[in-house]
Protein chains: 2
Amino acid sequence: MDTKTHLKFQNQKKYIYHFDTHQIDGSIKDRHLLGNKGANLAEMSLLGLQVPPGFTLSAELCHLFLNEKKNLKDLIEKPLEESVKRLEKLTGKQFNGVCPLLLSVRSGAVSSLPGMMDTILNLGLNEKTVHTLAKIYKNERFAWDNYRRFIQMYSSVVMKMNSSLLDVYLEDYKKKYNYLADSEISAEDWKKIVPYFKEAILQNTGKVFPEDPWEQLWSSIEAVFNSWNNPRAVVYREMNGVNSFEGTAVNIQVMVFGNRGKDSATGVVFTRDPSTGEKKLFGEFLQNAQGEDVVSGMRTPLLIVNEESKEKDLKTLMPESFEQLKQLCDKLEKHYKYVQDIEFTIEQNKLWLLQTRNAKCNPKAQLKILFDFMEEGILTEEEVLEKVDTSFLNTLLHPSIDKKNKNTVLAKGLPASPGAAVGRIAFDGESVLKFHKKSIPAILVRCETSPEDIKAMIHSKGVLTLKGGMTSHAAVVARNMGKPCIVGCESAFIDEHKKELHFASKRMKQGDFITLDGSTGDVLLGSVKMKATCLDSLFFKLMDLSDKYKGLTVRANADTPCDVKKAKEFGAKGLGLCRTEHMFFEENRINIMRKMILSESTEERHKTLNELFVMQEKDFYEIFKIMSPHSITVRLLDPPLHEFLPQKEKDILALSQKLDLDKDKLTFKIQNLSEVNPMLGHRGCRLAITFPEIYLMQTKAIISAMRRILEEDKEQKMQIEIMIPLVCEVKELKFLKSLIEKEIKKSEDKIGVSLNILVGTMIELPRACLIADHLAQNGDFFSFGTNDLTQTVFGFSRDDIGQFLPIYTGKNILQRDPFSHLDIQGVGELMKIAVKKARAVKKNIKLGVCGEQGGDSQSIPFFHGLNLDYISCSPYRVPIARLVSAQCNIKEKRK
Amino acid sequence: MDTKTHLKFQNQKKYIYHFDTHQIDGSIKDRHLLGNKGANLAEMSLLGLQVPPGFTLSAELCHLFLNEKKNLKDLIEKPLEESVKRLEKLTGKQFNGVCPLLLSVRSGAVSSLPGMMDTILNLGLNEKTVHTLAKIYKNERFAWDNYRRFIQMYSSVVMKMNSSLLDVYLEDYKKKYNYLADSEISAEDWKKIVPYFKEAILQNTGKVFPEDPWEQLWSSIEAVFNSWNNPRAVVYREMNGVNSFEGTAVNIQVMVFGNRGKDSATGVVFTRDPSTGEKKLFGEFLQNAQGEDVVSGMRTPLLIVNEESKEKDLKTLMPESFEQLKQLCDKLEKHYKYVQDIEFTIEQNKLWLLQTRNAKCNPKAQLKILFDFMEEGILTEEEVLEKVDTSFLNTLLHPSIDKKNKNTVLAKGLPASPGAAVGRIAFDGESVLKFHKKSIPAILVRCETSPEDIKAMIHSKGVLTLKGGMTSHAAVVARNMGKPCIVGCESAFIDEHKKELHFASKRMKQGDFITLDGSTGDVLLGSVKMKATCLDSLFFKLMDLSDKYKGLTVRANADTPCDVKKAKEFGAKGLGLCRTEHMFFEENRINIMRKMILSESTEERHKTLNELFVMQEKDFYEIFKIMSPHSITVRLLDPPLHEFLPQKEKDILALSQKLDLDKDKLTFKIQNLSEVNPMLGHRGCRLAITFPEIYLMQTKAIISAMRRILEEDKEQKMQIEIMIPLVCEVKELKFLKSLIEKEIKKSEDKIGVSLNILVGTMIELPRACLIADHLAQNGDFFSFGTNDLTQTVFGFSRDDIGQFLPIYTGKNILQRDPFSHLDIQGVGELMKIAVKKARAVKKNIKLGVCGEQGGDSQSIPFFHGLNLDYISCSPYRVPIARLVSAQCNIKEKRK
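Here the structure is a predicted model, which is why all the values come from computation and not from measurement.

**Details of the confidence of the model for chain A**
All names here are of chain A.
Argument step 1. On average, residues of chain A carry a pLDDT of 89, and 95% of them reach 70 or more.
Argument step 2. Of the regions scoring below 50 in pLDDT, residues 1–11 engages in 16 contacts with residues more than four places distant in sequence or in other chains.
Argument step 3. For this predicted complex, the interface confidence score (ipTM) comes to 0.80, while the overall pTM stands at 0.81.

See below:
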């Protein structure tokens, strides 16, 4: 990403891009340079819409200023002066002149960071121009209101003055004169207040409020650029995976005024209802106001369309402007092919557009709108698929707090990391671990967290802290872990001594249930009910459409008949990973498995393997029944044997009694099996090289299940792929494949029917990638295990990375968790090598991915690019994978 | 290797190669086809020496027969018949004819497997030809003696009869007639014995001894081919790293007879004394005998030259033949440019050469001989270097049992795995582990071992079993671990109850000291003294010569002033790996390290780091003093912090008292630091990203040590390379390098002198190889850590691989331990990628290897091929590395 952006920048020497009635230097395609807002301003200008003239300072300039520490004046002093002159000429006004030109200075990043960055309005006012403005507009109050607005904004954004100091004074002033609203404050009042503001600024910042509009302009530009790195913006980028390198553009425009009286207004409109998708204008406005009034909450904005009290909506109050706005909305929707979120200002009945952008919608609303667009002929099927936001689908599929129930909100904190979590209160790491060991969900509750708490955070379902803000340790770490977190819940109190958590309404003890809603910051009483996933017809319509344009086939990772059923419901076309060990962890099975592991002789091992055979065969039968005729990849036993054995003295004693074994001997055996680095130990196919009888039993169970199904229905089509894990050397594969194939052959000869079984290998070690040509010559298929591959390529243990990953992402050493999103530079490079080598010797070898990244929307395009046969992921991620697969396919065909 | 050999084979359709006075199809260059013996027979024939005419069946034929299960007659029936006819024509004799042609059939592998494989002499004799032979040679006894020899050999080698059955009968016969020696047995006796032999063979094998010479020949050829896979040969190959794919050739020659009377003899001669290197013929012979008599021990052979009793040496007994032999030895030595080990037969004063090969010499003798050759003008300096056996150098450098002391041999077993080990007797795994935990050396003593004992074997110094042979579990596993082992020590007895080990002369208890000499099979009483390495002038001469032709520079891995001194003695030109953590494991230092790890705040950590600084600075000062001006690579802290902390409750309690910390809190902290897979955990540069103050302290200590040295001597040249371990991402390197360089810059500015410090990274993770271009842009040098790279490329934990590696090599899944010898296919491939990428962006980047394979003679040629700047290994391996480095260089220049 870095390199690419950098390349795009390199050939530019131009940093200022105009958009006005005579010259438009950019369009929507120049987002990377002009930012989203700047590009849209240019685009709307191109469309001939009413946009206040102005120009954009490019994101490249921001990069040079912030990262390369270049001096702005060296780069743009002349061009900026010329650009302002140009605006003077276009408007017939003068910057710092008799008919004063006022400007707005607004940030506009490449990626949308709504509300995260800074804006300055009414720039150009000073002791002199405020008077000329009053004269020209014949409105003293208007001029002074603008001036005080400018002082308030500028002192806060540029001079870093705490804005509440001025607000407090204003409130006091209003009280003194019994004013209820700002509108009651007269020009004369403002004339008194302004000097006070300036004095307060001087005392507070040590600086005189600048009179020179040029000084105002330069400082504002720098301040807006710097706001790219303000803590709010950094947190937002972190949460949304925005590259910190992108930077922001700055848009400088001629001011238009919504505060020139009843015939003026300012507002925001969505072209359709973003929460329901309904086709009607949705938004708010205020008459006689400037932009920030709508947001500030000082005055209650009116609705654009208000069915309930029509007399107060824009349609009724300003019918002409409403009609104009409606037509514009229609035009912009059709042009952008998406619901628009539009900022507008009406100045004396003239409608100006200040911004348009694709609206953020509720997931279901988005789907409805897209399909409506399709029916209205605005979008094609392909375009609908491309425009669906994959992360929204995630929200659709995961349970969330059911807001229909009346939940007791105990307190509210900052929503530091989204998602809902239920668990028992635990005040320290030890308690979390105690709960965790008993498989009891825990919520870590602390005043604040420190690096010492990381292990506790890993093992808790969610984190609640009483102190700290959005960038506190708890917030940063939890976001990186993808764990729900609420911080700064200052109304609560921890009684360390009594181990109690006090809320205003309730005292709770360690072990009591609470629920966190990390998306809202609500702390809820007890174990709150979650809303089950509810899939509606739009969802299925989307899925059907995805499959129509599908690229990679999507399979699921599922190990039990129950999960396999769910996978099928979500539209998985086969299983890419059916882990056979999970079948043995059940209460009534694990002791047989243990007996097998502990058996002293091959005979004894055979006896217990026979018991396991019966169970495994039954599971295979059910799984094959459900998922056939789609392909099913069965992975033979993978984890180290000691994972099945107890580790604690108490449990060992119990097992020794149960299996009638000497306790000391058992302890010694278990110690003997334990490993320093189990991940790199005696597991996977290494087990089967040592004890071939295990894989043989599993092969027999597969064959038997297939035969049973065929006996019931001769026509049943099945394709089973037996997968050998953790292969690093071709001879491992040869040895085990021949063992397995002999068994299959024996059975086929006996029943006289050819069983459709492939034998292949998982590619999950660097060496497997490097010898992929040899492996391909000896295997029927490959499935990339990207989890393990990531572990060995980075040398990261997935179990331990929590100890330092938050620090890594915090210091920007890594941008994201490589286990969540494929590392294209390293892991991807090895995959490319493997695919190339494998296809060189076996052109049509079946290739898939079964690591969890197979369901990650950021990783799938890479897998698509490798032209694999399928991707496989957990059932819940199958729908996203289907959608992204279609998106990749459409994108490729477009090329 | 496989592929290469295979390629060489592919274009051959010829399987029989002649060597006789009219046609010679091969030479010494055809070793891969003709085997060592066959190639030398051809070569000697080319030189015009007296070699009995014959032909060689190629090793390719062996491969087709053994591995591809081809039928021999399909491949060579006609050519074999023609070849025998050719010998009939050349000799005027007839196979199965009136003047019978007798043949010898001898194995001859590509790599020398001395005495490991089978031979059949006098082939062609039967009831008919024994009579004609007697008639033609006018010697009944000669004919019948040959016949019984043939029956004994053939029945044993081809018919798999237990040869002792015939030996016992022969002994009984001799007793009955009061014969003392075989020579007293007359022709008439043999005529009686032969029918008995045949009857015994029939009863024992169920098969009639074949009369047909063609049947004899075909069966013998198959038997010799099959002997390639006999257990002795398999073990030998395994111990010596011979590829099991090579196969053996078969040499078929006209018999010459050393048993035709006093004017005939057979013997073996070395052209120089292989144990001292002295320039004199050295060897043994027997008059009137065939080859196996010399070896069998039934008759005591005479010396070729016997200064003490001249009347019994060859020189005196057969002066003419001796002179001939002497000239031949001279000729062969000059031709082969190496000491030769020659088999000869004298038939009626005519000298025939049956084999010549490079002699196996004692390491010191080899050196002496090579340097003598140089002085005699036979070898150039380069040739001397190329001919030194690197594994011999190993023997020279490692301590061995000092045989000057009188050691008590308690018993003798089979020398299953070479090397000497001293330790306390431990009868089971638990005891071994108990000793091991107290750092007491243990010798595992068992009746036999099973896979359950592997962990115990890993932690013992050596293994002694009372049962089992050279291929028993203990033997195979110990060889693969490189651990001294004696098996089949059947004269000893274990009293399990009393935990005692009984020898004939002594009863020993668990915990008593014994010593194993795995090279001889001797079990010795007590803790036997080892011979210190003693380096003589020849060694230094060799090292000087190596450096004259050196390729890669050789550095050492050493961490303490003491080791650095040793490294310098062994000729290391710098340090490639100075591990800084080892400096903290000492008794008086570890608690300070622990305090640092456990510190609750950055301030506290700084305080303890200051204490550590003083110690580290002192070490650096001494190390730099010793090794400068050669480059020194200092690796900053690498292991996970919990390695420094106690794990046992008792030790934790002690530490909590010592450091005045709450025990529960300490326990929790230690648990918190523990990891599932520490190898892939929070270690290396990851620690420094979390706690930058650690690397800062280390950097300061390096700078301070350099400054102290410079204060003492301004002219002292130093180059310190600061190495950052475990880098997987370029930003890790950037972050830490800039941290370190700031510190250096600060110091340089202060003292006004530029310090010669480079900052680079260890390449020890697959991802580091894949992003080597980015790393090269940001680092001054790379050092490949092949140990860790091997771990992640294979997914093998070095600590755990002992659990399955013996099984892997046993089943031929892996041919060798990838930690001992570089895996060229996987690890090597990644190294190639890394070197290519790095040089593409920084042509002259300094590249080295610091994994222990840097000192492995099998791996160095690969590193040479990569054109690295240096290799680095433990001090003891430096001399071998210097030699191999020169050898690689000479080889390359020759090309």
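From this point on, the discussion continues.
**A look at the packing of helix α4 (residues 72–91) of chain B against helix α9 (residues 213–227) of chain B**
Residues and elements named next belong to chain B.
Argument step 1. One can describe the packing of α4 onto α9 by two numbers: an axis separation of 12 Å at closest approach and a directional angle of 125°. In terms of axis orientation, α4 runs oblique to α9. When the axes of α4 and α9 are compared, the crossing they make is right-handed. In this structure, α4 contributes L72, K73, I76, E77, L80, E81 and V84 to the contact, and α9 contributes W214, L217, W218, I221, E222 and F225.

**Concerning the sheet that holds strand β18 (residues 493–495) of chain A**
Residues and elements named next belong to chain A.
Argument step 1. Across the sheet, 3 strands lie side by side as β18-β19-β20; this open sheet has antiparallel pairing. Across the chains shown, the open sheet's two edge strands, defined by having one partner strand only, are β18 and β20 (507–509). When the angles between neighbouring strand axes are averaged without regard to direction, this sheet yields 25°.
Argument step 2. Two elements, strand β19 (residues 500–502) and β20, share 3 bridges in a ladder whose sense is antiparallel. Across the sheet, residue E500 finds its bridge partner in β20, namely K509.

**Let's talk about the interface of chain B and chain A**
Argument step 1. Contacts between chain B and chain A engage 59 residues on the former and 59 residues on the latter.
Argument step 2. When the two sides are added together, the surface that chain B and chain A hide from each other amounts to roughly 5500 Å², 56% of it contributed by carbon and sulfur.
Argument step 3. For the chain B face of the interface with chain A, the top three residues by lost area are B:L680, B:R767 and B:I813, together amounting to 12%.
Argument step 4. Our count for the chain B to chain A interface comes out at 2 salt bridges.
Argument step 5. Across the pair B:R767 and A:D823 runs a salt bridge whose closest N-O atoms are separated by 2.6 Å.
Argument step 6. Remark: the boundary between chain B and chain A carries 26 residue pairs in polar contact (both at pLDDT 80 or more).
Argument step 7. Within the residue set of the side of chain B that touches chain A, elements represented by two or more residues are α17 (429–437), α25 (663–673), α26 (685–690), α28 (730–751), α29 (766–770), α31 (786–794), α32 (805–810) and α33 (824–841) of chain B.
Argument step 8. Broken down by element, the residue count for the side of chain B that touches chain A peaks at 6 residues, all from α33(B).

**Some details on the packing of aromatic side chains**
Argument step 1. Applying the stated criterion to the full structure yields 44 aromatic pairs over all chains.
Argument step 2. Taking 5.2 Å as the distance between ring centres and 85° as the angle between the ring planes, the aromatic pair formed by A:F95 and A:W214 counts as edge-to-face. Taken together, the residues span a long stretch of sequence, with A:F95 in the loop between α4 (72–91) and β3 (103–109) and A:W214 in helix α9 (residues 213–227) at a distance of 119 residues.
Argument step 3. Overall, the relative accessible area of 25% leaves A:W214 in the partly exposed class.
Argument step 4. Ring geometry for B:F862 against B:F863: centres 6.3 Å apart, planes inclined by 65°, an arrangement best described as edge-to-face.

**So, the relation of the copies chain B and chain A**
Argument step 1. Between chain B and chain A, the superposition needs a rotation of 180° and an axial shift of 0.1 Å, giving an RMSD of 0.2 Å. Look at the turn and shift together and you get a two-fold axis relating the two. Identified as the residue of chain B closest to the rotation axis by C-alpha distance is B:N677, at 2.2 Å.
Argument step 2. Taken as a fraction of all interface residues of chain B, those also at the interface in chain A reach 100%, which identifies the copy contact as same-surface.

**Thoughts on the packing of helix α2 (residues 31–46) of chain B against helix α13 (residues 319–336) of chain B**
Residue and element names in this part refer to chain B.
Argument step 1. Packing of α2 against α13 brings their axes to within 12 Å, and their N-to-C directions diverge by 110°. It follows that α2 is roughly perpendicular to α13 by the angle criterion. For α2 against α13, the interelement crossing comes out right-handed. Contacts from N40, E43 and M44 in α2 reach L332, H335 and Y336 in α13.
Argument step 2. Looking at the contact of α2 with α13 residue by residue, the class counts come to 3 nonpolar, 2 polar and 1 charged.

About the thresholds
Residues numbered from 1 in each chain as written. Chains lettered and ligands numbered in written order. Predicted model: local features only at pLDDT ≥ 70, side-chain atom pairs only at ≥ 80, totals over all residues. Heavy atoms only, no water. pLDDT = per-residue confidence, 0-100. Contact = heavy atoms within 4.5 Å. Axes fitted to C-alpha atoms, helices over the stretch in contact; angles between N-to-C directions. Helix = DSSP H or I, 4+ residues; strand = E, 2+ residues; numbered from the N terminus. Parallel < 35°, antiparallel > 145°, perpendicular 65-115°, else oblique. Left-handed = near helix turned anticlockwise from the far one by under 90°. Pairing = 2+ DSSP bridges. Buried area = accessible area lost by both parts, 1.4 Å probe. Salt bridge = Lys/Arg side-chain N within 4 Å of Asp/Glu carboxyl O. Polar contact = N/O pair within 3.5 Å; in protein donor to acceptor, adjacent residues only side chain to side chain. Phe/Tyr/Trp six-rings, centres within 6.5 Å; stacked < 30°, edge-to-face > 60°. Buried < 20%, exposed > 50% of the residue type's maximum accessible area, 1.4 Å probe, protein only. Least-squares fit on C-alpha atoms with pLDDT ≥ 70 in both. Nonpolar A, V, L, I, M, F, W, Y, C, P; charged D, E, K, R; others polar.

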